[in-house]
Amino acid sequence: MLFDSLLRPALYRLHGGDAERVHERTVRALGLLSAAPGPVRAALRRTCAAEDPVTAFGVRFPGRVGLAAGMDKDGWALHAWPALGFSFVEVGTVTARQQPGNLRPRLFALPDSDAVINRMGFNNAGADALAARLTRDGTPDVPLGISIGKSKVTPIDEAVADYEASLRALHPFADYVAINVSSPNTPGLRTLQDRDSLTEILTALRDLAPTTPLLVKVAPDLTDDALGELLQVCTDHGVAGIIATNTTLARDGLATADAAAAAETGGLSGRPLTRRARDVVRFVHTRTAGALPIIGVGGVGGAADAEAMLDAGAALVQLYTAFALHGPSVVRAINRRLAAERARWPAEY
């Protein structure tokens, strides 16, 4: 593909191999597309999207393929993503306080493994800044998910108030809110997946925004027992759905050529996560008897992976690494295949 053979290598050469600089330049460029006249974006969208409507947790989506959190943390290119074929967009992860994230370098492309390692640390301008941008620029014409996490400087025992501040600022703009308690890059965050901590968070957030669908994003590294306990808490406290999964701390399935990068700390995404993410989706679907709609994310690299996610029980899928490494053609190919096979999966979850 042109993107793989020419555009991506050129971008990396131009930026000295720095994956984060490539990412930043890409989002800035897409910000220009976001500001382009509506007819321009509509024409591109007709090329990249496919009609495949589905309803999950009470929200109607024009298709099943969405953009995962992490690509456009602060919502700089919100109106560009639908033009590239995404049927929903998840921004963030956003925190109550502005924060720079972890020290650079913190994003590493592993092309031989078709993977990425990141330890970004929720770098973002803060919930209030995103709310101001959404007020000024508006929301996209596809469903908008907003992922919220805990500010790094906030102690774990004050996490509830931190999540509340973000939700209070952002829920009026969101079609759903993703509660990120599973990133490996904020110290102590994954302890919030424990029964007592998660119960406290969900109780507070449900009371604050009773009509906004709340989804919990889970780690792929949980044991079945721990995941089962988490799902019980979600069921008991009115969670609308599950996002499975976040990045993994495991380093299985990496190519030998990527051994040096594999030593970097952070979460791994992409092809090595494909099977584990799908297994978690299947576990969630089976354990809850389909009661909790699932957004499947992790290692969805092409149409066959997306089909397998849906077959495992997901209602929707999200892309991050495949889009970052291979460009918009991946989105178009998945959309077309899923639309052609739409009769295989329910239209409502």
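Here, every reference points to the structure presented above.
Read on for a plain summary of the structure. (Residues numbered from 1 in each chain as written. Predicted model: local features only at pLDDT ≥ 70, side-chain atom pairs only at ≥ 80, totals over all residues. Heavy atoms only, no water.)

A word on the pairing of strand 7 (residues 144-148). The buried fraction of strand 7 is high, at five of five residues. The alternating pattern of strand 7 places Leu144, Ile146 and Ile148 and Gly145 and Ser147 on opposite faces, both of which are buried. Both strand 4 (residues 88-94) and strand 7 contribute to a ladder of four bridges, which runs parallel. The residue of strand 7 that forms the bridge with Val94 is Ile148. Taken together, the four bridges between strand 7 and strand 8 (residues 176-180) define a ladder with parallel strand orientation. The residue of strand 8 that forms the bridge with Gly145 is Tyr176. (Buried < 20%, exposed > 50% of the residue type's maximum accessible area, 1.4 Å probe, protein only. Helix = DSSP H or I, 4+ residues; strand = E, 2+ residues; numbered from the N terminus. Pairing = 2+ DSSP bridges.)

Within the secondary structure, Asn185 sits in the loop between strand 8 and helix 6 (195-208). The sequence separation of Asn185 and Asn102 amounts to 83 residues, and the corresponding C-alpha distance is 8.4 Å. For Asn185, the residues in contact, after removing those within four places along its chain, are Asn102, Asn118, Arg119, Met120, Gly121, Gly266 and Gly267. A distance of 3.1 Å separates a polar side-chain atom of Asn185 from the backbone oxygen of Asn118. (Contact = heavy atoms within 4.5 Å. Polar contact = N/O pair within 3.5 Å; in protein donor to acceptor, adjacent residues only side chain to side chain.)

Taking strand neighbours around the barrel as the criterion, the eight strands line up as 3-4-7-8-9-10-12-13 in a closed arrangement whose pairing is parallel. Taken pair by pair, the neighbouring strands of this sheet meet at an average axis angle of 25°, ignoring direction. With three bridges joining them, strand 10 (residues 241-244) and strand 12 (residues 294-297) adopt parallel strand pairing. In the strand pairing of strand 12, Ile242 is matched with Ile294. Across the face of the sheet, helix 10 (residues 303-312) comes into contact with strand 10, strand 12 and strand 13 (316-319) while running at roughly 140° to strand 13. (Axes fitted to C-alpha atoms, helices over the stretch in contact; angles between N-to-C directions.)

Each pair of packed helices can be summarised by the angle the axes make with each other and by the distance between the axes. Here helix 5 (residues 159-170) crosses helix 6 at 30°, and the two axes come no closer than 10 Å. With respect to their mutual orientation, helix 5 and helix 6 come out roughly parallel. Helix-helix and strand crossings are classified by hand; for helix 5 and helix 6 the assignment is right-handed. On helix 6, the residues touching Val160, Tyr163, Glu164, Leu167 and Arg168 of helix 5 are Glu200, Ile201, Ala204, Leu205 and Leu208. Residues that form the contact of helix 5 with helix 6 fall into these classes: seven nonpolar, no polar and three charged. (Parallel < 35°, antiparallel > 145°, perpendicular 65-115°, else oblique. Left-handed = near helix turned anticlockwise from the far one by under 90°. Nonpolar A, V, L, I, M, F, W, Y, C, P; charged D, E, K, R; others polar.)

Turning to the pairing of strand 13, a few remarks are in order. The two faces of strand 13 match: Leu316 and Gln318 on one face and Val317 and Leu319 on the other face are all buried. Strand direction decides the pairing type here: strand 3 (residues 65-67) and strand 13, joined by three bridges, are parallel. Of the residues in strand 13, the one forming a bridge with Leu67 is Leu319. Relative to strand 13, strand 12 runs parallel, the two sharing three bridges. Among the inter-strand pairings, Ile295 is bridged to a residue of strand 13, identified as Leu316. In this fold, strand 12 hands off to helix 10, which returns the chain to strand 13; that crossover is right-handed. (Right-handed = clockwise from strand over helix to strand, strands pointing away.)

In this section: the nonpolar core. Phe57, Trp81, Tyr163 and Leu170 are the most contacted members of the largest nonpolar core, which totals 102 residues. When residues in this core are grouped by element, the largest group, six residues, is from helix 5. Apart from residues lying up to four places away in sequence, Tyr163 is in contact with Ile148, Gly149, Lys150, Ile179, Asn180, Val181, Leu189, Leu192, Ile201 and Leu205. Core analysis: the second largest hydrophobic core is formed by five residues, Leu110, Ala115, Ile117 and Leu268 among them. (Core = buried A, V, L, I, M, F, W, Y, C linked by side-chain atoms within 4.5 Å.)

We now examine the packing of aromatic side chains. Counted according to the given criterion, the structure contains six aromatic pairs. Taking the centre distance of 6.1 Å and the plane angle of 70° together, the rings of Trp81 and Phe86 count as edge-to-face. For the residue pair Trp81 and Phe86, the accessibility class agrees, reading buried in each case. Their ring planes at 75° and their centres at 5.7 Å tell us that Trp81 and Phe323 sit as a pair that is edge-to-face. Here Trp81 is found in the loop between strand 3 and strand 4, whereas its partner Phe323 is found in helix 11 (residues 321-326), with 242 residues between them in sequence. Taken individually, Trp81 and Phe323 each receive the classification buried, so the pair is uniform in this respect. Among the aromatic side chains, those forming a connected cluster through ring pairs are Phe57, Phe61, Phe88 and Tyr176. Over the face of the ring belonging to Trp76 we find Arg133, whose NZ or CZ atom lies 3.6 Å from the ring centre. (Phe/Tyr/Trp six-rings, centres within 6.5 Å; stacked < 30°, edge-to-face > 60°. Lys NZ or Arg CZ within 6 Å of the ring centre and 35° of its normal.)

No statement about biological role is implied by the geometric values presented.
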